Amino acid sequence: MSIINELTSHHTTLRQLYAQAEKDPKFFEDFSRHLVVHHTMEEKYFYDILQAYPEVEHDALEAVNEHHIIELIIKDAEGFPHDHDHFPIKIEGLGEYTTHHLDEEEMEIFPMSQNVIPADDLETLGKLFVEAKNKILGIKLPELPGAIATAIAKPAAPTKTTAGVISRSTAHGLGIGGLKH
Ligand SMILES: [Fe+2]
Ligand SMILES: [Fe+2]
């Protein structure tokens, strides 16, 4: 199947995961994990190729920059206490920006790309995208052994940040995050 169809199909999954996360914040991790994988694979098997065509280069770069902004929104949400009453607002912010990005790809970028990337290449890229996406999303990281898991599970004493907000850990919200779960 063409990469355009494969990407659009994964967009449907992303929209469903957002709808689930909007109802229940525990689905945030699933939503953000799929998003990070989607962006990584979409850049490798679609935008890197699209950027080579001067007539669409600007649009491709703009879309990739939107991925960067979405990653920043994910990092911000990851650093926000997930049990806080306002966490759903963080999920909504991420979901709304993401939905806007997906709409723009489906309505503008994908049709544009079909005019420049040869059909055979779109098919080949589609196969590679699916293979890579399934491999990455299928990976289950080994669990930590009991003693280490128990040691890190102990909640740190709350500390006050410079903004006066109570935070459980200064390390909260740092790191790659999206691919850890
Ligand atoms: Fe995208
Ligand atoms: Fe996409």
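Quick notes on the rules
- Residues numbered from 1 in each chain as written.
- Chains lettered and ligands numbered in written order.
- Predicted model: local features only at pLDDT ≥ 70, side-chain atom pairs only at ≥ 80, totals over all residues.
- Helix = DSSP H or I, 4+ residues; strand = E, 2+ residues; numbered from the N terminus.
- Buried ≥ 20, exposed ≤ 12 C-beta atoms within 10 Å, placed from the backbone.
- Contact = placed C-beta atoms within 7 Å.
- Axes fitted to C-alpha atoms, helices over the stretch in contact; angles between N-to-C directions.
- Parallel < 35°, antiparallel > 145°, perpendicular 65-115°, else oblique.
- Left-handed = near helix turned anticlockwise from the far one by under 90°.
- Nonpolar A, V, L, I, M, F, W, Y, C, P; charged D, E, K, R; others polar.
- Core = buried A, V, L, I, M, F, W, Y, C linked by C-beta atoms within 7 Å.
- Expected span 1.5 Å × (residues − 1).
- Bend = angle between axes of the 7 residues up to and from the residue.
- Arc of directions from axis to C-beta.
- pLDDT = per-residue confidence, 0-100.

Caption draft 1: Molecular detail of the overall build of the protein chain. The number of helices and strands found in the protein chain is six helices and two strands. From first element to last, N terminus to C terminus, the protein chain shows the α and β order α-α-α-α-α-α-β-β. Relative to its 181 residues, the protein chain shows a buried fraction of 25%. In the protein chain, the proportion of contacts linking residues at least 24 apart, taken out of those at least 6 apart, comes to 70%.

Caption draft 2: Quick look at the packing of helix α2 (residues 28-50) against helix α3 (residues 57-78). Where α2 contacts α3, the two axes come as close as 11 Å, and the packing angle between them is 160°. By the criterion of interaxial angle, the relationship of α2 to α3 is roughly antiparallel. Crossing geometry of α2 relative to α3 is assigned as left-handed. Facing α2, whose interface residues are F28, S32, L35, H39, E43, Y47 and L50, α3 presents A60, A63, V64, H67, I70, I74 and A77. In terms of residue class, the contact of α2 with α3 is built from ten nonpolar, three polar and one charged.

Caption draft 3: Structural detail: the nonpolar core. With 17 residues, the main nonpolar core has I3, Y45, F46, L125 and F129 as its most contacted residues. Where this core is concerned, the elements lending two or more residues are α1 (3-23), α2, α3, α4 (87-114) and α5 (119-138). Of all hydrophobic cores here, the second largest spans eleven residues; its members include L17, Y18, F31 and A77.

Caption draft 4: Geometry of α4. With 28 residues, α4 extends 39 Å between its outermost C-alpha atoms, agreeing within 8% with the 40 Å of an ideal straight helix rising 1.5 Å per residue. E105 marks where α4 bends most, by close to 40°. Residues of α4 that are buried include every one of K90, I91, L94, G95, T98, H101, L102, E105, I109, F110 and S113, and no others.

Caption draft 5: Region of the structure containing α1. Spanning 21 residues, α1 covers 30 Å between terminal C-alpha atoms, matching the ideal 30 Å at 1.5 Å per step. Within the span of α1, buried status applies to I3, I4, E6, L7, H10, H11, L17, Y18 and A21. Projected onto a plane normal to the axis of α1, the buried residues spread over an arc of 150° and lie on a single side. Residues S9, T12, A19 and K23 are exposed on α1 and point more than 90 degrees away from its buried face.

Caption draft 6: Geometry of the confidence of the model for the protein chain. Residue-level pLDDT values for the protein chain average 87, and 85% of them are 70 or greater. Note that pLDDT drops below 50 for residues 159-181; the model gives that stretch 24 contacts with residues more than four away or on any other chain.

Caption draft 7: Summary view of the packing of α1 against α2. Interhelical geometry of α1 versus α2 gives an angle of 160° and a closest axis separation of 9 Å. Regarding the angle of α1 to α2, the classification is roughly antiparallel. Judged by the sense of rotation from one axis to the other, the crossing of α1 with α2 is left-handed. Along its contact with α1, which presents I3, L7, H10, T13, L14, L17, Y18 and A21, the element α2 presents F28, D30, F31, H34, L35, H38, E42, Y45 and F46. Grouping the amino acids of the contact of α1 with α2 by side-chain chemistry returns eleven nonpolar, four polar and two charged.

Caption draft 8: Just the environment of R33, in detail. Following the sequence through the fold, R33 ends up in helix α2. For R33 and I74, which are 41 residues apart along the polypeptide, the C-alpha to C-alpha distance reads 9.6 Å.

Caption draft 9: Layout of the environment of T99. Looking at the secondary structure, you find T99 in helix α4. Taking the C-alpha atoms as reference, T99 lies 7.3 Å from R15; in sequence the two are 84 residues apart. Residues contacting T99, with those up to four places away along its chain left out, are R15 and Y18.

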